[in-house]
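# Structural overview
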Amino acid sequence: MAKLPNRTEMLDFDFSLPPEGWMDTKTEFKDGMFCHAVKPEKLETVGMPNAHKWSASDEDWGLPENWKEIILQGMADRLEKYRSFKLFMDVCVRCGACADKCHFYMGTGDPKNMPVLRAELLRSVYKRYFTRAGRMFGSLVGARDLTEDVIKEWWYYFYQCTECRRCSAFCPYGIDQAEITIMGRELLNLLGLNTDWIAGPVENCYMRGNHVGLTPPAILDNVEFMMDDLETVTGHHFEPSFNRKGAEILLVCPSGDLFAEPGTFTFMGYIMLLEHLGLDYTLSTYASEGGNFGFFTSNEMAKRLNSKIYAEAERLGVKWILGGECGHMWRLMQQYMDTWNGPADFLEQPVSPITGTVFENAASTKMVHMVEFTADLIYNKKIKLDPSRNDDWVVTFHDSCNTARGMGILEEPRYIIKNVCNHFYEMPDETIREKTLCCGSGSGLNAGENMELRMRGGFPRAEAVRSVVDRFGVNMVANICAIDRAAMPALMDYWNPGVGIVGTHELVGNALVLDENDHRTMNLRQEELPSARKEKEIADAVAAVNGPENGEGGAA
Amino acid sequence: MRIVGPIIAVCALAGIAWLGTGPLSLYTLFGVIIPYCAFAAFVVGFIIRILNWGRSAVPFRIPTTAGQEKSLPWIKQNKLDNPSSKAGVVGRMALEVLFFRSLFRNASTEKTEDGIAIGSAKWLWLFALIFHWSMLIIVLRHFRLFLDPIPAWITALEGLDGMFQIGLPVIYLTDLGIVAGITFLFIRRVVVPRIRYISQTIDYFPLVLLFGIALAGIIMRYFTKVDMSAVKELTLGLVRFTPQATVTEPIFYIHIFLVCCLLVYFPWSKLMHAGGIFLSPTRNMANNSRAVRHVNPWNYEVKKHTYEEYENENWEKMQALGLPLDYEHVKEEEPPAEAEAGAAEGAPEAANTEDSEG
Ligand code: HEM
Ligand code: SF4
Ligand code: SF4
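In this text, all values refer to a predicted model and were calculated from it rather than measured experimentally.

### As for the overall build of chain B
Helix and strand content of chain B: 16 helices and two strands. Taking 2.2 N^0.38 as the reference for a compact globule, 358 residues should give roughly 21 Å; the C-alpha atoms of chain B span a radius of gyration of 30 Å, well beyond that estimate. Taking the principal axes of its C-alpha atoms as reference, chain B extends roughly 95 × 50 × 45 Å. A total of 358 residues make up chain B; the buried ones form 47% of that total.

### Some remarks on the site of ligand 1
Within the structure, ligand 1 sits among 21 residues, and Tyr173 of chain A together with Ala128, His132, Arg189 and His273 of chain B are positioned closest to it. Each of chains A and B places residues next to ligand 1. Take Arg189 of chain B: an N or O atom from its side chain is 2.9 Å from an oxygen atom of ligand 1. In this structure, a nitrogen atom belonging to ligand 1 sits 2.8 Å away from a side-chain N or O atom of His273 of chain B. For the shell around ligand 1, the leading source of residues is helix α5 (residues 123-141) of chain B, giving four residues. When its residues are assigned to classes, the shell around ligand 1 shows 16 nonpolar, two polar and three charged.

### A look at the sheet that holds strand β4 (residues 367-369) of chain A
All names here are of chain A. Overall, parallel pairing links the four strands, which are arranged β2-β1-β3-β4 in an open sheet. Of all strands in the sheet, those bounded by a partner on one side alone are β2 (281-283) and β4. The average undirected angle you get between the axes of adjacent strands in this sheet is 30 degrees. Sheet topology note: the strand β3 (residues 320-323)/β4 ladder contains three bridges and is parallel. The partner of Ile321 across the bridge, within β4, is Met367. Along the sheet face, helix α16 (residues 327-335) touches β1 (249-252), β3 and β4 and points at about 145 degrees away from the line of β4. Against the sheet, helix α18 (residues 370-379) touches β1, β3 and β4, its axis set at about 70 degrees to β4.

### Brief notes about the pairing of strand β2 (residues 115-120) of chain B
All names here are of chain B. Where strand β1 (residues 107-112) meets β2, six bridges bridge the pair, whose relative direction is antiparallel. The residue bridging Ser108 from the neighbouring strand is Gly119, located in β2. Counted between consecutive antiparallel strands, the loop separating β1 from β2 contains two residues.

### As for the nonpolar core
Core analysis: the biggest nonpolar cluster contains 174 residues, and Leu146, Ile151 and Trp154 of chain A have the highest contact counts within it. Of the residues forming this core, the biggest block, eleven residues, is contributed by helix α11 (residues 250-265) of chain B. For this core, the two domains that each supply at least three residues are domain 1 (7-31 + 49-193) and domain 2 (200-511) of chain A. Excluding residues within four positions of it along the chain, Trp154 of chain A makes contact with Ile71, Met75, Leu121, Leu122, Val125, Arg144, Leu146, Tyr159, Leu187 and Leu188 of chain A. Formed by 83 residues, the second largest nonpolar core is a distinct cluster that contains Val223, Val252, Val395 and Leu507 of chain A.

### A look at the site of ligand 2
Every residue lining ligand 2 is accounted for by Cys92, Val93, Arg94, Cys95, Gly96, Ala97, Cys98, Val116, Cys171, Pro172, Tyr173 and Ile175 of chain A. Split into classes, the residues belonging to the shell around ligand 2 amount to ten nonpolar, one polar and one charged.

### Details of the interface of chain A and chain B
Across the boundary between the two partners, chain A contributes 133 residues, which contact 101 residues of chain B. Summed over both partners, the interface of chain A with chain B buries about 9900 Å², with 56% contributed by carbon and sulfur atoms. Where chain A touches chain B, the interface holds eight salt bridges. Of the charged contacts, one joins Arg194 of chain B and Asp100 of chain A as a salt bridge, the two residues approaching to 3.2 Å between their closest N and O atoms. On the surface where chain A and chain B come into contact, there are 77 residue pairs in polar contact (both at pLDDT 80 or more). Considering every element that reaches the side of chain A that touches chain B, the biggest residue donor is helix α3 (residues 67-81) of chain A, with nine residues. Residues belonging to the side of chain A that touches chain B are distributed by class as follows: 61 nonpolar, 32 polar and 40 charged.

### Regarding the packing of aromatic side chains
By convention here, two paired aromatic rings are described through the distance between centres and the angle between planes. All names here are of chain A. Per the counting criterion, the structure on display carries 50 aromatic pairs over all chains. Between the aromatic rings of Tyr310 and Phe346, the centroid separation amounts to 6.0 Å while the plane-to-plane angle is 85 degrees, which identifies the pairing as edge-to-face. A residue pair is termed long-range when its members are at least 10 positions apart, and Tyr310 in helix α15 (residues 299-316) and Phe346 in the loop between α17 (337-341) and β4 qualify at 36 residues. Look at Trp320 and Phe359: their rings are 6.4 Å apart centre to centre, the planes differ by 45 degrees, and that puts the pair in the tilted class.

### Looking at the side chain of Lys127 of chain A
Tracing the backbone through its elements, the reader meets Lys127 of chain A in helix α6 (residues 115-130). As a buried residue without a salt bridge, Lys127 of chain A has its nearest oppositely charged side chain in Glu120 of chain A, at a separation of 4.3 Å. Separated by 3.0 Å, the side chain of Lys127 of chain A and the backbone oxygen of Val141 of chain A make a polar contact. The contacts of Lys127 of chain A, once residues within four sequence positions are left out, are Arg94, Glu120, Gly134, Arg135, Val141, Gly142 and Ala143 of chain A together with Gln200 and Ile202 of chain B.

### Examining a nonpolar patch on the surface
Residue and element names in this part refer to chain B. The grouping of Trp18, Leu19, Leu24, Leu26, Leu29 and Ile33 at the surface amounts to a nonpolar patch, some 540 Å² of accessible area in total. When contributions to the nonpolar patch are tallied by element, the ones reaching two or more residues are α1 (4-21) and α2 (27-55). In this structure, Leu29 sits in helix α2. Under the relative-accessibility criterion, Leu29 is labelled partly exposed at 32%.

### A word on the packing of α2 of chain B against helix α10 (residues 228-239) of chain B
Between two packed helices, the angle of one axis relative to the other and the distance separating the axes together describe the packing. Residues and elements named next belong to chain B. Packing of α2 against α10 brings their axes to within 11 Å, and their N-to-C directions diverge by 40 degrees. Relative to α10, α2 is oriented oblique. The handedness of the crossing between α2 and α10 comes out as right-handed. Residues Gly31, Val32 and Tyr36 of α2 lie in contact with α10, whose contacting residues are Leu234, Gly237 and Leu238. Among the residues making up the contact of α2 with α10, the classes are represented as four nonpolar, two polar and no charged.

Thresholds, definitions, all that
Residues numbered from 1 in each chain as written. Chains lettered and ligands numbered in written order. Predicted model: local features only at pLDDT ≥ 70, side-chain atom pairs only at ≥ 80, totals over all residues. Heavy atoms only, no water. Helix = DSSP H or I, 4+ residues; strand = E, 2+ residues; numbered from the N terminus. Rg over C-alpha atoms; globule rule 2.2 N^0.38 Å. Buried < 20%, exposed > 50% of the residue type's maximum accessible area, 1.4 Å probe, protein only. Near = heavy atom within 4 Å. Polar contact = N/O pair within 3.5 Å; in protein donor to acceptor, adjacent residues only side chain to side chain. Nonpolar A, V, L, I, M, F, W, Y, C, P; charged D, E, K, R; others polar. Pairing = 2+ DSSP bridges. Axes fitted to C-alpha atoms, helices over the stretch in contact; angles between N-to-C directions. Contact = heavy atoms within 4.5 Å. Core = buried A, V, L, I, M, F, W, Y, C linked by side-chain atoms within 4.5 Å. Domains from an automatic or database assignment. Buried area = accessible area lost by both parts, 1.4 Å probe. Salt bridge = Lys/Arg side-chain N within 4 Å of Asp/Glu carboxyl O. Phe/Tyr/Trp six-rings, centres within 6.5 Å; stacked < 30°, edge-to-face > 60°. Lys, Arg positive; Asp, Glu negative; His and termini not counted. Patch = residues over 30% accessible without salt bridge, like charges linked within 9 Å, V, L, I, M, F, W, Y side chains within 5 Å. Areas by Shrake-Rupley, 256 points an atom, 1.4 Å probe, with all protein chains shown as cover. Parallel < 35°, antiparallel > 145°, perpendicular 65-115°, else oblique. Left-handed = near helix turned anticlockwise from the far one by under 90°.

Now the structure itself:
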């Protein structure tokens, strides 16, 4: 693995441009900026085409003989299937409004990371083979031939886009580079050119039900472990059920929450809340993943992986589905799932059993976001909260790209956080809500070997965090995204050491008062609570004052 | 060359018109035949392009949401930036088309020594708006040439446009606006390094062409006066299909020849953004896909790993954990475990659908 440059080295770039045009610059594969090539077995398991051994640093990528035909036919198909693709190929005026909106451009200064040029990489080929002007006038109208170098360039730059849609928010025609990247990656996948980091979770998710490949015993073990920790913290023992037929609600989480800190704390937060409310819910070992790396591969793969959620809801006979905190998972639940695998007419319109609120916005998908559910509880005063338990944390909120620009869940998490924390501060306006900056690791880029790319891509976000660290002493970044929880600790360690990452429901779990006897001394991370520390300090002080006179304990 | 080329090209086009109507006096060709053909080419081309886009499917509902979505009743929805109804979408689109709402968000990002700074950048928005509005009003004002009697709204528009009564003939604000707008947009392309880097010949060409049209028009109006009654006779004749090209000033023919070039060029160029914006799926769809099912016209069956297969593969483990089971356990050896073996051999079914060739 490439050595990660230090901070100064990382920032030693500017936005200057090479003298020669972008079409004349050959792609240089820089270590640390791309993921390993996919191993063929992984593609074979799920039946993806043209699996073969190759490596990005090779001169020859071992493309099938008719690769050009495959790509051009693939483009022709997709131009018919997706109006977005066709339109976005045609209407860009190169006004440049999107150019400096991409976090990868901001963090690398590489001009091909400007969304408009990332699109031109594909648009130039579109023009050459699908427009009369391009066939006739070639480079005069921005067209170019499709060569193996172009394929390599696509691969390098379509895996330097997190499909965050920030560019799309600024484009006067809504041209969404995420859409173009998605098409580009589909095309690359026709040639067997995925990354290993994406294909691995896809294979796992297809065969085992979740990205990390947890088997039923592993899932149950992990959950038991978390429940033991919860018992240590709260004194209560919880036993969530699995694959239980007839439950009212199926809970679907991103598997990252079952797997590693700090996601596990978020999971503990969900379970505490649902158990405390006495909800009739169950989890599934089969539908044990809400996230979907298939979406970073192809529409078809995404649909295949997503299908298990409705299938499992139907099999278990639940009434509706509750979904945990995850960004891309939720973009798909909102904008794709019902279209792919619906209609979910075997489910009922979700109603909160606690407040009676009918979730009208989920009338068709029958799936409710955990933050909607919890915000509704708090609004209706159905849970007791002690925000002082989070007093050691000065919190800011990072909108994940997908929930912000693919849904518009902006206020619910903020409402919750303001109710469970006493110290909350927003990052600058230009960097939150619909203008949020990506963590730099979305869309399957959260691997280890491309760490430099991730640190660069996440740099603008880290800068915004730094501004609230400096002004308000922020030390915790809250989110509603499993990728954030997995990827941002490294980002913070690199740019803003000392700043932690927390899922919103971990904050809820801390603040949730289970009953009158719920006097906790530690938070879900088993760190001492401020109140406990104060009590101890007082006790110590009392002991210090009383100590010598009582003649006990000496000067301790 | 990317910059000089379009300038030469537009000069050459103007030269052709001058040659054709100065020395050669081909008034009917430049005043009647070419305008009719160009107009027809524009209309047909425009329709073809729209139909062509319309033919492509819209498989998913993918609005770019730029505000709070419709959620719980007590959470305030941003109905324009994140519409959930048709009315909201119309409002959002109107804001985009009339006021370039998304462009208004524009900010500029600068690299500082140890960080980046995001600052305000409304200039592009402002000049783009001045340019487009000026152009729209100028086009509307031109209707005086094609309508008789001249409707009141045109006279009113002219009055408004010439509000400040500067000079004689009165200088129209939109004439200043379009020149200022085009000049800004052109200079921006040339001097801002990033914009220059992404600009192609076909980005400079329309600007130069529009500038040429505006310039010829301004020369006609303010400097070499043309015979307006002859012009009106021609334009009204064109509308009534009894055209008579009695105008003799080449500058007039340069003006309308460049307009004809624009009309022909329009449907096949980036200028089609004018039609495309209305079809943009990230802007013209309501964000309601959780409440109302969106249907993909080409949705097809895909190969799935079913619960039955999953249970069978994990049967022993699941039984040991006491998880509920639905099926009898089928031992691996008995039938050749179909899902896995099939996949390992390239799972023809799935492979075919993935591979667009298949
Ligand atoms: C529905 C109507 C239209 C809308 C909403 C619209 C909107 C826009 C926007 C937002 C831009 C980007 C900002 C800029 O670069 O100026 C733009 C650029 C441009 N538009 Fe339009 N436009 C429309 C119609 C037209 C028409 C009819 C023409 C020409 C005949 C035109 C010519 C141009 C040109 C030349 C540019 C590029 C400017 C540059 O190169 O910097 N537009 N348009
Ligand atoms: S903002 Fe839109 S129109 Fe402007 S350059 Fe970017 S993609 Fe093209
Ligand atoms: S979608 Fe995000 S990562 Fe991709 S080009 Fe646009 S701004 Fe950059």
